[in-house]
Amino acid sequence: MKGDYHIILASNSPRRKELLGGLDLDFEVKVLPDIEENYPEGLPTAEIPVYIAAEKAAAYQSLLAADELIITADTVVVLGDEVLGKPKDLADARRMLHELSGRTHQVITGVCLMTREKQRKFAVTTDVTFKMLTAEEINYYVDKYQPLDKAGAYGIQEWIGYIGVTGLQGSYFNVMGLPVQKIYNELLVF
């Protein structure tokens, strides 16, 4: 599949690398330093991760060879109208997990597939429900795991997901940070 292109994953995320590897594709990881993950104020929540993924891809466009296809992604957690990105510190991680406790939120991953000639952007949304988490459970997770590099301050594949997630509607892998089933289908027609 996609033998026409040399695939590049533009992400430092070990989870994204693992997930894309699960598609049995040959790819390499290349990451440019200091790409901003900002978006215009007032942008509809559902469009934020697609916008950021496209901006990340744009930073690579002039560097792509004719046979290269780059994959960029961005994941946000949305609770009501609030976007929960990566927490700024451990106190912020605790705050986010308290807010998610006992509620359903959306995990939206935006993806951009791009060559020098064309681009395809899309988003995948998954609903995730948490049980009521105790302060002790939140503190244990924040103290023992690394929530600062994760949107919404949690990794579903970690302890907090094992004990806290009571419902999931949509793609589990999307919540991990890369909707591989959708990427596979998009690559087939790209």
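**Student:** How should I be thinking about the overall build of the protein in this particular structure?
**Tutor:** Looking only at helices and strands, one finds seven helices and seven strands in the protein. Going residue by residue from the N terminus, the α and β elements of the protein occur as β-α-β-α-β-β-α-β-β-α-α-β-α-α. The C-alpha radius of gyration of the protein comes to 17 Å, within 12% of the 16 Å expected for a compact globule of 190 residues. With respect to the three principal axes, the spread of C-alpha positions in the protein is 55 × 35 × 25 Å.

**Student:** Is there a simple way to think about the environment of L168 in this case?
**Tutor:** For L168, the position within the fold is in strand β7 (residues 165-169). For the pair L168 and I35, spaced 133 residues apart in sequence, the C-alpha to C-alpha distance is 31 Å.

**Student:** In this structure, what is going on with the environment of Y5? I would like to understand it.
**Tutor:** Secondary-structure assignment places Y5 in the segment before β1 (6-9). Taking the C-alpha atoms as reference points, Y5 and F27, 22 residues apart in sequence, are found 9.5 Å from one another. If we skip the residues at most four places from it in the chain, Y5 touches D67, E68, L69, T115, K118 and F190.

**Student:** Is there a simple way to explain helix α2 (residues 48-60) in this structure?
**Tutor:** Residues spaced three or four apart along an α-helix point in a common direction, a consequence of the helix completing one turn every 3.6 residues. Between its first and last C-alpha, α2 extends 19 Å over 13 residues, near the 18 Å set by a 1.5 Å rise per residue. For α2, the set of buried residues is I48, P49, V50, I52, A53, A54, K56, A57 and Y60. Packing partners of the buried residues in α2 comprise β3 (68-79), β4 (82-84), β5 (104-114) and β6 (119-130).

**Student:** For this particular structure, what's the right way to read a nonpolar patch on the surface?
**Tutor:** On the surface, L168, Y172 and F173 cluster together to form a nonpolar patch covering roughly 250 Å² of accessible area. Looking at the secondary structure, you find F173 in helix α6 (residues 172-176). Look at F173 and you get partly exposed, because its relative accessible area is 39%.

**Student:** Help me understand the pairing of β6, please; the structure alone is not making it clear to me.
**Tutor:** In the case of a regular strand, side chains alternate between the two sheet surfaces. Judged from the eleven bridges that link them, β5 and β6 form a sheet pairing that is antiparallel. Note on β6: the bridge partner recorded for T109 is V124. In textbook terms, the turn of a hairpin is the stretch between consecutive antiparallel strands, and for β5 and β6 this stretch comprises four residues. Bridge count between β6 and β7: four bridges; the pairing is antiparallel. Bridge pairing in β7 links T129 to G167.

**Student:** Just to check I follow, could you spell out the nonpolar core for this structure?
**Tutor:** One broad trend across soluble globular proteins is that nonpolar side chains are buried collectively. Within the largest apolar cluster, 39 residues are counted, with the highest numbers of intra-cluster contacts made by I71, L97, L100, Y154 and I183. Of all the elements, β3 adds the most residues to this core, at five residues. Those residues in contact with L100, other than ones at most four positions away along the chain, are V77, L79, L84, H105, F130, G152 and Y154.

What counts, and at which threshold
- Residues numbered from 1 in each chain as written.
- Predicted model: local features only at pLDDT ≥ 70, side-chain atom pairs only at ≥ 80, totals over all residues.
- Heavy atoms only, no water.
- Helix = DSSP H or I, 4+ residues; strand = E, 2+ residues; numbered from the N terminus.
- Rg over C-alpha atoms; globule rule 2.2 N^0.38 Å.
- Contact = heavy atoms within 4.5 Å.
- Expected span 1.5 Å × (residues − 1).
- Buried < 20%, exposed > 50% of the residue type's maximum accessible area, 1.4 Å probe, protein only.
- Patch = residues over 30% accessible without salt bridge, like charges linked within 9 Å, V, L, I, M, F, W, Y side chains within 5 Å.
- Areas by Shrake-Rupley, 256 points an atom, 1.4 Å probe, with all protein chains shown as cover.
- Salt bridge = Lys/Arg side-chain N within 4 Å of Asp/Glu carboxyl O.
- Pairing = 2+ DSSP bridges.
- Core = buried A, V, L, I, M, F, W, Y, C linked by side-chain atoms within 4.5 Å.

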